[in-house]
Amino acid sequence: MLSKEMESALNDQLNKEMFSAYLYLSMAAYFEDKNLPGMASWMRLQSDEEYLHATKFYDFIVKARGRVKLKGIDEPKFEWDSPRQAFEEAFAHEQFITKSINEIADLAVKNNDHATNTFLQWFVDEQLEEEATVENIVESFKLIADQPAGLFMLDRELAQRNSSSSE
Ligand code: FEO
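Residues numbered from 1 in each chain as written. Predicted model: local features only at pLDDT ≥ 70, side-chain atom pairs only at ≥ 80, totals over all residues. Heavy atoms only, no water.

Q: Sorry, what's going on with the packing of aromatic side chains here?
A: The geometry of an aromatic ring pair is captured by two quantities: the separation of the ring centres and the angle between the planes. Enumeration over the complete set of coordinates arrives at 10 aromatic pairs. Each residue in the set Y30, F31, W42, W80, F87 and F141 is aromatic and connected to the rest through ring pairs, giving one cluster. Sitting above the plane of the W122 ring, K56 keeps its charged end 4.2 Å from the centroid. Taking the ring centre of W42 as reference, the NZ or CZ of R161 above it sits at 4.5 Å. (Phe/Tyr/Trp six-rings, centres within 6.5 Å; stacked < 30°, edge-to-face > 60°. Lys NZ or Arg CZ within 6 Å of the ring centre and 35° of its normal.)

Q: Which parts of the structure should I look at to understand the packing of helix α3 (residues 83–110) against helix α4 (residues 114–144)?
A: Working note: a packed helix pair is described by the angle between its axes plus the distance between those axes. Where α3 meets α4, the axes come as close as 9 Å, and the angle between the chain directions of the two elements is 160°. In terms of their interaxial angle, α3 and α4 are classed as roughly antiparallel. In terms of crossing hand, the pair formed by α3 and α4 is left-handed. Residue classes in the contact of α3 with α4 are distributed as 17 nonpolar, 6 polar and 7 charged. (Axes fitted to C-alpha atoms, helices over the stretch in contact; angles between N-to-C directions. Helix = DSSP H or I, 4+ residues; strand = E, 2+ residues; numbered from the N terminus. Parallel < 35°, antiparallel > 145°, perpendicular 65-115°, else oblique. Left-handed = near helix turned anticlockwise from the far one by under 90°. Nonpolar A, V, L, I, M, F, W, Y, C, P; charged D, E, K, R; others polar.)

Q: When you look at the pattern of salt bridges in this model, what are you seeing that I'm missing?
A: Side-chain pairs of opposite charge can arise whenever the charged atoms involved come near each other. In this structure the tally under the stated criterion is 7 salt bridges. Linking E49 and R161 is a salt bridge whose minimum nitrogen-to-oxygen distance equals 3.3 Å. Of this pair, E49 sits in helix α2 (residues 37–63) while R161 sits in the segment after α5 (148–158), and the two are 112 residues apart along the sequence. Given the relative accessible area of 13%, E49 is considered buried. The class of R161 is buried, set by a relative accessible area of 7%. (Salt bridge = Lys/Arg side-chain N within 4 Å of Asp/Glu carboxyl O. Buried < 20%, exposed > 50% of the residue type's maximum accessible area, 1.4 Å probe, protein only.)

Q: Where do I start with the environment of A9 in this structure?
A: Residue position: A9 is located in helix α1 (residues 4–33). Residue A9 is classed as buried on the basis of its relative accessible area, which comes to 15%. Taking the C-alpha atoms as reference points, A9 and F78, 69 residues apart in sequence, are found 28 Å from one another. Discounting residues that sit within four places of it in the chain, A9 has contacts with I104 and L107. (Contact = heavy atoms within 4.5 Å.)

Q: Hey, could you run me through the nonpolar core in this one?
A: Generally speaking, a soluble globular protein has its nonpolar side chains buried in company with each other. Ranked by internal contacts, the top residues of the largest apolar core, which has 24 residues, are M27, F31, M39, M43 and F87. Of all the secondary-structure elements, those providing two or more residues to this core are α1, α2, α3, α4 and α5. Top element by residues in this core is α1. It accounts for 7 residues. (Core = buried A, V, L, I, M, F, W, Y, C linked by side-chain atoms within 4.5 Å.)

Q: Got a minute to help me understand α3 in this structure?
A: Given 3.6 residues per turn, any residue in an α-helix points the same way as the ones three and four places further on. Counted at 1.5 Å a residue, the expected span for α3 with its 28 residues is 40 Å, and the 41 Å between its end C-alpha atoms agrees. Looking one or two places after α3, you find N112, whose phi comes out positive at around 55°. (Expected span 1.5 Å × (residues − 1).)

Q: Would you mind going over the side chain of T98 with me for this structure?
A: Mapped onto the fold, T98 is located in helix α3. Within the structure, the side chain of T98 is placed 2.7 Å from the side chain of E131, a separation counted as a polar contact. (Polar contact = N/O pair within 3.5 Å; in protein donor to acceptor, adjacent residues only side chain to side chain.)

Q: Would you take a moment to explain the side chain of E17 for this structure?
A: When you line up the elements, E17 lands in helix α1. Look at E17: it is buried, it has no salt bridge, and the nearest opposite charge is K16 at 8.8 Å. For E17, the side chain forms a polar contact with the side chain of H53, separated by 3.4 Å. Residues contacting E17, with those up to four places away along its chain left out, are E50, H53, A54, F57, I97, I101 and F123. (Lys, Arg positive; Asp, Glu negative; His and termini not counted.)

Q: Whenever I open this one, the environment of N35 confuses me. Can you help?
A: Mapped onto the secondary structure, N35 falls in the loop between α1 and α2. Separated by 120 residues in the primary sequence, N35 and D155 place their C-alpha atoms 9.7 Å from one another.

Encoded structure:
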């Protein structure tokens with residue numbers, strides 16, 4: 001049985017994952033508008049993955065006999081200065097999510113809640129991977145330095161992502 005404190009922290013994280021899905025869907029729409037279908041597709045898959053993360057929290061709260069409480073999702077940003085800026089913000093957002101996951105894991109340890117701590121370890125690993133993936137894309141943007149040919153190539157490369165991969 002979850003403590004009220006853990007239940008609340010897990011519900012807050014469920015909301016952050018839903019916001020992540022919404023943010024990346026908004027970025028996908030931005031890339032569609034910029035005629036960058038590869039980046040749009042990459043972000044669309046990222047959004048789908050975030051929705052799955054949210055439902056993992058949903059399922060765990062139910063399994064741990066807590067009560068899911070869905071909260072309002074903030075409106076995501078609509079416009080970015082450049083494709084590179086959108087990916088830089090995605091990277092910053094993932095760092096924020098990592099910090100949030102780590103804080104809940106700390107809380108689970110403090111509460112001797114081994115089940116929640118074990119559940120969260122999947123997210124600890126996932127965040128390592130997600131940060132590294134998005135950071136690599138930001139590095140690619142730095143290398144191409146706003147050259148249209150480079151942007152076209154990077155868009156083609158990001159189009160290769162498929163639904164079973166987080167790359
Ligand atoms: Fe679910 Fe990208 O954090």
